[in-house]
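If you want the building blocks of each chain, they are given just below.
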Amino acid sequence: MAVALMLLAAGAIFLYAPTDALQGPVQRIFYLHVSSAVAAYGCFAVVLVGGIIYLRNESPAADRFARAGALVGVVFTSVTLVMGMLWAKPIWGVYWTWDARLTSTLVLWIIYAGYLLVRRLAEPGRQAARIAAIVGIFGFVDVPVVHFSVTWWRTQHPGPIVVNDALPAEMLATFLFTLGCTLVLAATLIAIRYRIETLIDARQAIAEPTKLVAAPQPGAAP
Amino acid sequence: MTYLVIAYAFAVALLGGYLIWSLRTLRELERKE
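This structure is a prediction, so every number in the text was calculated from the model and none was measured. (Residues numbered from 1 in each chain as written. Chains lettered and ligands numbered in written order. Predicted model: local features only at pLDDT ≥ 70, side-chain atom pairs only at ≥ 80, totals over all residues.)

S.K.: Would you take a moment to explain the overall build of chain B for this structure?
M.R.: Helix and strand content of chain B: one helix and zero strands. Referenced to the eigenvectors of the C-alpha coordinate spread, the extents of chain B come out at roughly 45 × 5 × 5 Å. Within chain B, the fraction of its 33 residues that count as buried is 18%. (Helix = DSSP H or I, 4+ residues; strand = E, 2+ residues; numbered from the N terminus. Buried ≥ 20, exposed ≤ 12 C-beta atoms within 10 Å, placed from the backbone.)

Shown next as structure tokens:
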């Protein structure tokens, strides 16, 4: 369903949305570029909530959701960054500039890529899960910095246009439809990754029962 | 126009590639289950 929705979104982007009078066809990058950024925020919110729940009650399910959210969030942040660079080149004349929005988005990517690296390199278990949860919670601080960077600082990146009613009706409808489809895709990818993490944990529990991410149950054999 | 095509080609390759890789990994793990 998520793939079918994304195909419909592609139809809306390339066939329904009008061509921008100033930028020309390259402005169509906007629809997936911004939708991917919002999807990434959502994925990192899953890491935040999963991390908080894990630190409170050591729920392995919360940890698995956090792991899934981080991976899918990094994928969507990569799409945002690369599409943004390919949009910047014909409009600004450069692929990259160290302005607040671009830099804070790159920092966001590095934080969660680091989170995934911690999960990959650290010995699986409660210690790694707790450290990753803390990284995931503090890493989320960068999300509002990314979002508000265009209003807090003078940036080359344009300010908010969707919330300021700066889009014509057809462009707004296309954007909102693409955003909805992208969020469904992100939720689907997180659900698939959650299932993968569940199966990996189950195998880990059989192979090395002492390295579970959950706290040992009272009365359980050591 | 070239940048538009490259941008969407990249997005399709990354998101599509990730989806296919995830489904393959899931099927492999479920088969071993």
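S.K.: When you look at the interface of chain A and chain B in this model, what are you seeing that I'm missing?
M.R.: Reports often express the size of an interface as the amount of accessible area lost when the parts come together. Counting residues at the interface gives 21 residues for chain A and 18 residues for chain B. Among the elements of the structure, helix 2 (29-57), helix 3 (60-92) and helix 7 (169-207) of chain A are those that each provide at least two residues to the side of chain A that touches chain B. The dominant element in the side of chain A that touches chain B, judged by the number of residues it contributes, is helix 3 of chain A, at nine residues. The residue inventory of the side of chain A that touches chain B, partitioned by class, reads 16 nonpolar, one polar and four charged. (Contact = placed C-beta atoms within 7 Å. Nonpolar A, V, L, I, M, F, W, Y, C, P; charged D, E, K, R; others polar.)

S.K.: Looking at this structure, I do not really get unusual backbone geometry. What am I missing?
M.R.: Leave glycine aside and you will find that most residues have negative phi; peptide bonds, for their part, are mostly trans. Residues and elements named next belong to chain A. The residue Glu 58 is not glycine, and still its phi comes out positive at about 55°. Along the chain, Glu 58 falls in the loop between helix 2 and helix 3. The class of Glu 58 is partly exposed, set by 18 C-beta atoms lying within 10 Å.

S.K.: Got a minute to help me understand the nonpolar core in this structure?
M.R.: Most often, soluble globular proteins have nonpolar side chains that are buried together. The biggest cluster of nonpolar side chains holds 59 residues, and the ones touching the most others in it are Ile 29, Cys 43 and Val 72 of chain A. When residues of this core are traced back to their parent elements, those giving at least two are helix 1 (2-16), helix 2, helix 3, helix 4 (100-121), helix 5 (126-139) and helix 7 of chain A together with helix 1 (2-32) of chain B. At 15 residues, helix 2 of chain A tops the list of elements feeding residues into this core. When sequence neighbours within four positions are dropped, the list of residues in contact with Cys 43 of chain A reads Gly 69, Val 72, Gly 73, Phe 76, Ala 186 and Ile 190 of chain A. (Core = buried A, V, L, I, M, F, W, Y, C linked by C-beta atoms within 7 Å.)

S.K.: Explain the packing of helix 4 of chain A against helix 5 of chain A here, please?
M.R.: Two quantities define a packed helix pair, namely the angle between the axes and the distance from one axis to the other. Residue and element names in this part refer to chain A. At a minimum axis separation of 10 Å, helix 4 and helix 5 run at an interaxial angle of 175°. Of the possible angle classes, the one that applies to helix 4 and helix 5 is roughly antiparallel. Touching Ile 111, Tyr 112, Gly 114, Tyr 115, Val 118 and Arg 119 of helix 4 are Ala 128, Ile 131, Ala 132, Val 135, Gly 136 and Gly 139, all from helix 5. Tallied by class, residues from the contact of helix 4 with helix 5 come to eight nonpolar, three polar and one charged. (Axes fitted to C-alpha atoms, helices over the stretch in contact; angles between N-to-C directions. Parallel < 35°, antiparallel > 145°, perpendicular 65-115°, else oblique.)

S.K.: Looking at this model, I keep getting lost on the confidence of the model for chain B. Mind explaining?
M.R.: For any part of a model where pLDDT is low, the fine detail of the predicted coordinates should not be relied upon. Averaged over every residue, the pLDDT of chain B is 92; residues scoring 70 or more account for 100%. In the predicted complex, the global pTM is 0.89; the interface-specific ipTM is 0.94. (pLDDT = per-residue confidence, 0-100.)

S.K.: It is not clear to me how the environment of Lys 32 of chain B should be interpreted in this structure. Could you clarify?
M.R.: Residue and element names in this part refer to chain B. Its place among the elements puts Lys 32 in helix 1. By C-beta crowding, Lys 32 is classed as exposed, having 8 other C-beta atoms within 10 Å. Separated by 23 residues in sequence, Lys 32 and Ala 9 place their C-alpha atoms 34 Å apart.

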